Amino acid sequence: MDYKLIINKIRDLYNSSSDYFIPLHAPVFCGNEKKYLNDCIDSTFVSSVGKYVDRFEEMIAEYTGSQKAVACVNGTNALHLALLLSGVERNDEVITQSLTFIATANAISYTGAIPVFLDVDKETMGLSPKATESWLSKNAEIKKGSCFNINTGRRIKACVPMHTFGHPVLIAELVEVCEKYKIELIEDAAESLGSFYKGKHTGTFSKVGILSFNGNKTITTGGGGMLLFNDLALAAKAKHLTTQAKVPHQWEFVHDEIGYNYRMPNINAAIGCAQLEKIDLILENKRQIANQYKEFFNNKEGISFFSEPKNARSNYWLNVIVMADKIERDQFLEFSNSNGVMTRPIWKLMHKLPMFENCQTDSMTNSVWFEERVVNIPSSVVL
Ligand SMILES: *Cc1c(COP(=O)(O)O)cnc(C)c1O
């Protein structure tokens, strides 16, 4: 297919002339951002104390249908805490998908646990419940209520699926597999604010889920993350750990365990409140862009547009096209990027990176298939 046609379509969508650079995903500020930021500065509460942190947590809990949300300084350390709160310890094993952003695997490593990388489903680009069950049936046994790897002797403590580019994984099936094998489930919903599986928000199917508000995500706080809980006691523990495990007291400084400074500053939360007020508009707009791409790529030979899976409503965070093969992918990446339209291949698979190349894996058929073909195309909101 003529790549020029695709570039023209993208330029058309973004109302842009041919010398104007189109980024992959730029944030939009169309609400109360400046007003709330000014309010922070006027009040002097710009740091880790202030009303916007509480307000943002409440707004996110309400929007996602969680019992409680706890703000963090970014999504990666929200994930680190989620693993700690799930009881993941040094030398445990944690199952995740190889087709993910590095933060997922890094957070597992921060706990001293060792990732196990499994394949994704063709329909979701996320961790496959079948692949997970199959690997566990060959490698795991349950002893005294915990799951152990029969080859390494290590405990398999948790499983971290990721909702790739906002497309929900088969989360209900993963819940079942994890229950059967006595494994904690933690959803990396960093990319999927506004994505639902069977009407339930992603990140709320497990005891702990996390969101990210980095600059390129669906909404941003500059940098930021959020932990989602259905268990209030666990949420209270999370708040404690994010604030250096300080025992609340008006003036005394007493800490009762090793904690972290993972708090989101008020100034970031202020932006978050303003952004979340516009979430419906943002999601509606992203869906319209996705629909236009979908229509355009319909019946185009050798390229397909990746649509939301069955039973799911996706936020269409980053739109995905799947090229015929690696050669086409590389040619299109070269053409689009040298013509001022930013496009990107999917991440290199985790188990191929030097720090993870000795980790356990299983069949990677679908992950490799996506790795060679996926291209992200511009997905910013157009107002
Ligand atoms: C963005 C992202 C995170 C968290 O990123 P931060 O930049 O630390 O907020 C984690 N996992 C995935 C899959 C992500 O895309």
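Residues numbered from 1 in each chain as written. Predicted model: local features only at pLDDT ≥ 70, side-chain atom pairs only at ≥ 80, totals over all residues. Heavy atoms only, no water.

A.B. asks: What is the right way to read the environment of K294 from this model?
C.D. replies: With respect to the secondary-structure elements, K294 resides in helix α10 (residues 279-297). Taking the C-alpha atoms as reference points, K294 and F306, 12 residues apart in sequence, are found 8.0 Å from one another. Leave out the neighbours within four places in its chain, and K294 touches F305 and S307. (Helix = DSSP H or I, 4+ residues; strand = E, 2+ residues; numbered from the N terminus. Contact = heavy atoms within 4.5 Å.)

A.B. asks: Mind showing me how you'd approach the side chain of H167 here?
C.D. replies: Among the secondary structure elements, H167 is positioned in the loop between β6 (156-160) and α7 (171-180). On the accessibility criterion, H167 (0% relative accessible area) is buried. A polar atom in the side chain of H167 sits 3.2 Å from the side chain of S314. Contact partners of H167, with chain neighbours within four places excluded, come to T124, M125, F306, S307, E308, P309, S314 and Y316. (Buried < 20%, exposed > 50% of the residue type's maximum accessible area, 1.4 Å probe, protein only. Polar contact = N/O pair within 3.5 Å; in protein donor to acceptor, adjacent residues only side chain to side chain.)

A.B. asks: Got a minute to help me understand the sheet that holds strand β8 (residues 196-197) in this structure?
C.D. replies: Hydrogen bonding along the main chain pairs the strands of a sheet, whether they run parallel or antiparallel. In space, the three strands of this open sheet follow the order β9-β8-β13, with antiparallel pairing throughout. The sheet is open, and its two edges are formed by β9 (200-201) and β13 (312-313), each paired on a single side. Two elements, β8 and β9, share two bridges in a ladder whose sense is antiparallel. For F196, the partnering residue across the bridge sits in β9 and is H201. (Pairing = 2+ DSSP bridges.)

A.B. asks: Is there a simple way to think about the domain arrangement of the protein chain in this case?
C.D. replies: Interfaces are frequently sized by the accessible area removed from exposure as the parts join. When its domains are assigned, the protein chain resolves into domain 1 (3-28 + 279-377) and domain 2 (33-277). Using C-alpha coordinates to define each centre, domain 1 is positioned 25 Å away from domain 2. Each partner contributes residues to the interface: domain 1 has 44 residues there, and domain 2 has 53 residues. Taking both sides of the interface into account, the surface hidden between domain 1 and domain 2 amounts to around 3900 Å²; carbon and sulfur atoms contribute 61%. Connecting domain 1 to domain 2 are one salt bridge. (Domains from an automatic or database assignment. Buried area = accessible area lost by both parts, 1.4 Å probe. Salt bridge = Lys/Arg side-chain N within 4 Å of Asp/Glu carboxyl O.)

A.B. asks: Just checking my understanding: could you explain the site of the ligand for this structure?
C.D. replies: Not every one of the 15 residues close to the ligand is listed here, only the nearest: G75, T76, E191, S212 and K217. Contact between the ligand and G75: an oxygen atom at 2.8 Å from a main-chain N or O atom of the residue. Between an oxygen atom of the ligand and a side-chain N or O atom of E191, the distance comes to 2.5 Å. Computed on the free molecule, the ligand has an accessible area of 380 Å², of which 91% lies beneath the protein chains in the complex. Residue assignment for the shell around the ligand shows that the elements contributing at least two residues are α4 (75-85) and α5 (102-110). (Near = heavy atom within 4 Å. Areas by Shrake-Rupley, 256 points an atom, 1.4 Å probe, with all protein chains shown as cover.)

A.B. asks: Just to check I follow, could you spell out the environment of A290 for this structure?
C.D. replies: Along the polypeptide, A290 turns up in helix α10. Look past the residues within four positions of A290 in its chain and what remains in contact with it is F305, Y316 and N319.

A.B. asks: Would you take a moment to explain the packing of α4 against α5 for this structure?
C.D. replies: Angle between the axes and distance between the axes: these two values describe a pair of packed helices. Two elements in contact, α4 and α5, have axes separated by 8 Å at closest approach and are oriented at 45°. The orientation of α4 relative to α5 falls into the category oblique. In the packing of α4 onto α5, the handedness of the crossing is right-handed. Across the interface between the two elements, T76, L79, H80 and L83 from α4 touch A103, T104, A107, I108 and Y110 from α5. In terms of residue class, the contact of α4 with α5 is built from six nonpolar, three polar and no charged. (Axes fitted to C-alpha atoms, helices over the stretch in contact; angles between N-to-C directions. Parallel < 35°, antiparallel > 145°, perpendicular 65-115°, else oblique. Left-handed = near helix turned anticlockwise from the far one by under 90°. Nonpolar A, V, L, I, M, F, W, Y, C, P; charged D, E, K, R; others polar.)

A.B. asks: Just to check I follow, could you spell out the pattern of salt bridges for this structure?
C.D. replies: Close approach of charged atoms allows side chains of opposite charge to pair. Counted by the stated rule, this structure contains 14 salt bridges. For E133, the salt bridge goes to K180, with nearest N and O atoms at 2.7 Å. Residue E133 is found in helix α6 (residues 129-139), and its partner K180 is found in helix α7; the two are separated by 47 residues along the sequence. Within the structure, one salt-bridge network assembled from shared partners comprises E89, D92 and R155.

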